[in-house]
Each structure stands twice: as structure tokens, then as C-alpha cells.
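Next come the chains, spelled out residue by residue.
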Amino acid sequence: DPVLRLDRICKAYNVGLPSETKVLHDIDLTLKRGEFLALMGPSGSGKSTLLNIIGLLDRPTSGHLFIKGQDTALLNDAALTRLRGHTIGFVFQDHHLISAFTAVENVLMPLLVDREFAGPDIVVKANALMARVGLAKVADNRAMNMSGGQQQRVAIARALAMSPDLLLADEPTGNLDTQSAGGVFDLMREVNRESGTTILMVTHNLDLAKRCDRIVDVVDGRITA
Ligand code: ADP
Ligand code: ADP
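For the structure given in this document, a descriptive report is provided here. Please read all numbers here as calculations on a predicted model, not as lab measurements. (Residues numbered from 1 in each chain as written. Chains lettered and ligands numbered in written order. Predicted model: local features only at pLDDT ≥ 70, side-chain atom pairs only at ≥ 80, totals over all residues. Heavy atoms only, no water.)

**Overview of the overall build of the protein**
Our working rule: Put simply, DSSP H or I for four residues or longer makes a helix, DSSP E for two residues or longer makes a strand, and each gets a number counted from the N terminus. It is over C-alpha atoms that the radius of gyration is taken, and the globule rule equals 2.2 Å times the number of residues to the power 0.38. Burial here depends on accessible area, computed with a 1.4 Å probe over protein chains only, as a share of the maximum for the residue type. Under 20% is buried, over 50% is exposed, and the range in between is partly exposed. Any two residues having at least one pair of non-hydrogen atoms within 4.5 Å are treated as being in contact. In short, Shrake-Rupley with a 1.4 Å probe defines the accessible areas, and a residue's cover is counted only from the protein chains shown. Asp and Glu are treated as the negative residues and Lys and Arg as the positive ones, with His and the ends of the chain left uncounted. Where a charge lies is defined by one atom per residue type: Lys uses NZ, Arg uses CZ, Asp uses CG and Glu uses CD.
Scanning the protein from N- to C-terminus turns up eight helices and 10 strands. In terms of C-alpha radius of gyration, the protein reaches 18 Å, essentially the compact-globule figure of 17 Å for 225 residues. Along the first, second and third principal axes, the C-alpha set of the protein runs to 50 × 40 × 35 Å. Here the protein holds 225 residues, and 48% of them are scored as buried. Restricting the contact set of the protein to residue pairs at least 6 apart, pairs at least 24 apart contribute 71%. Total accessible area on the protein is roughly 10,900 Å²; 50% of this is exposed by carbon and sulfur atoms. Separation between the mean location of the 24 positive side-chain charges and that of the 26 negative ones in the protein comes to 2 Å.

Listed below in C-alpha cells is the structure:
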């Protein structure tokens, strides 16, 4: 089964109200295991809405979303939350780290929250992740004292803590200068190649998008290319 399959996904906001707006129209999309896909499109075209649905944070109005062959429409909210925690990692434009915590403490957070799934030796695991993203030497620095590029690397390490099948990245390099953006992208590409993590990245950066396996364009809630 593919990691992700969208079958005629539609999304409307304010359903039944005069302000009802259809935002996504019949989205079909399949992500194979190990694929690195760039999602592009103008502001307001529905990318965040689509990412929220794929990330199991919001439900479609109609259509089906399959994660590793499982139809998520059949799951209740508790089961969705569990599936999300065990299969999907998130990276945002802003790092969303806890500033007063150290880098490695931030990476420990998801492991502490789900001890049963995380297994033993979570400190060892968190430190291995810090090494994985090239930050072993600054693992004990507070997040607030790190550069934007370093913070985003910590955010990636945290997203990888539960060994997700799918990493969703919403403009992960949007707040970074060209050089740091390139470094953060290189790290994601490396994680994708070495660990086989499937990645879906929203980006406005065509140079980076071209270095992904595939580019999908969303315009007015439809996939156009
Ligand atoms: P993008 O991420 O491509 O900028 P969005 O998914 O954020 O696009 O938005 C797509 C459209 O849906 C926009 O017209 C936006 O105003 C609308 N929209 C997004 N979220 C909501 C919401 N919670 N309620 C109503 N309309 C929304
Ligand atoms: P972006 O363009 O970076 O995707 P937006 O500024 O469009 O972000 O949206 C930011 C947040 O506001 C999102 O969570 C989106 O769902 C929400 N939002 C966008 N448009 C609307 C709207 N018309 N009504 C309510 N919420 C909205």
C-alpha cells in the first residue's frame, strides 16, 4: 500500500451557511513510500487545508484518505490521533520549539508523551537524533539561543522522533536565508534518501522544489500539474 492515497477529497468551510466556501475539489493524489513531493501554488489555493487533512488535523467534507491502506474515514477521533502520532511528523514555517528548553529536551518531548510507543532509552534516542541532524555539539543549548537554521533542524529531529512514515513540512525554509534554507533542505533530502521517510513539502521556492522527486501544483483547490 502507498503511504498516502487521496481519493476525490473535497473540503468546504462554513457548510450550510451563506458564507460556505468550497476550498478543495476532487483531489486525487498518491504518495509512494520514499517519495519526496513538493506542493506548490499561490496563496489561498488550499495548500494548508490539504496539509491539515493529510495530517489528520481536519476531516474532508467528502472523499477518502487512506494512510498505509487504512481508510481514515472509518476511524474515530481518538484512533486518528493515535494514527497521527505514530505515522506523521510535522515541520512548520515557524519552528514551534519550546524556547526555554534545550534542543535535546525539545526532541525528547514527543518521546516522553508516548513512552509505550517510544520504547526504552529515549535519552539515547534523542541524542542520536541530534547527531542525525548535525547538532550533537549544541544539543544542550537552549532553543532560543540557536540560529533559525539550527532551530529548524531541531524541529526536524523532533518530527522524526517517533520514526514517522510521512513527514509533512509546511514552508519549512520560508523564514530562512538562502544558505540556511539550502542546508535545511539538504537535511530533509538526506533523511528521505537514508531513512526512506516519505516527505510532502509545501514550498514557494522553485529551486528547492526542482530538487524533489515530483512537483504538484494546486490552483483554486484543484491539482493542475
Ligand atoms: P493556502 O495554504 O494555499 O494559502 P489555505 O488552505 O490556507 O490556502 O486557504 C484556502 C482558502 O480557504 C482560502 O480562501 C482561505 O481563506 C479559506 N480558508 C482557510 N481556512 C479557512 C477556515 N478555517 N474557514 C473558512 N475559510 C478558510
Ligand atoms: P497561509 O497562506 O500561510 O497558508 P493563511 O494566512 O491563509 O496561511 O491562513 C492562516 C490560518 O488562518 C490557517 O489556519 C487557515 O485555516 C486560517 N484561515 C485562512 N482563511 C480563513 C478564513 N477565511 N476564515 C477563517 N480562517 C481562515
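**Quick notes on the pattern of salt bridges**
For clarity, the cut-off: Salt-bridge detection follows one rule: a side-chain nitrogen of Lys or Arg within 4 Å of a carboxyl oxygen of Asp or Glu.
According to the stated counting rule, one finds 10 salt bridges in the structure shown. A salt bridge links Lys68 to Asp165; its shortest N-O distance comes to 3.0 Å. With Lys68 in the loop between strand E4 (62-67) and strand E5 (70-71) and Asp165 in the loop between helix H6 (148-160) and strand E7 (166-170), this pair connects stretches of sequence that are 97 residues apart. Residue Lys68 is classed as partly exposed on the basis of its relative accessible area of 37%. A salt bridge links Arg189 to Asp213; its shortest N-O distance comes to 3.1 Å.

**Quick look at helix H3 (residues 103-113)**
Listing the buried residues of H3 in full gives Ala103, Val104, Asn106, Val107, Leu108 and Leu111. In the core, the buried residues of H3 are packed alongside helix H4 (115-118), helix H5 (122-132) and H6.

**Some remarks on the pairing of strand E9 (residues 214-219)**
Applicable threshold: One bridge is not enough; two strands pair if DSSP finds at least two bridges between them.
Two strands pair when backbone bridges link them, and strand E3 (residues 36-40) and E9 are joined in this way by four bridges, in the parallel orientation. Across the sheet, the residue bridging to Met40 is Asp217, located in E9. Between the end of E9 and the start of strand E10 (residues 222-223), which pair antiparallel, lie two residues, with Asp220 showing a positive phi angle near 50°.

**Section: the packing of aromatic side chains**
Condition: Between the rings of Phe, Tyr and Trp (Trp by its six-membered ring), a pair exists once the centres lie within 6.5 Å; its type follows the angle of the planes, with under 30 degrees stacked, over 60 edge-to-face, and the other angles tilted. Either the NZ atom of lysine or the CZ atom of arginine qualifies as a charge over a ring when it sits within 6 Å of the ring centre and within 35 degrees of the ring normal.
Across all of its chains, the model carries two aromatic pairs by this definition. For the cation-ring pair, Arg5 lies above Phe66, with the distance from its terminal atom to the ring centre recorded as 4.4 Å.

**What to know about the sheet that holds strand E8 (residues 198-202)**
What counts here: All axes here are fitted lines through C-alpha atoms, helices being fitted over the stretch that makes contact, and every angle between N-to-C directions spans 0 to 180 degrees.
Spatial strand order, E6-E7-E8-E3-E9-E10: six strands in an open sheet with mixed pairing. Here the strands that pair on one side only, and so sit at the sheet edges, are strand E6 (88-91) and E10. In this structure, E9 lies alongside E10, joined through two bridges in antiparallel fashion. Each bridged residue has a counterpart across the sheet, and for Val219 the counterpart in E10 is Arg222. Relative to the sheet, helix H2 (residues 77-87) contacts E6 and E7, its axis offset from that of E6 by approximately 70°.

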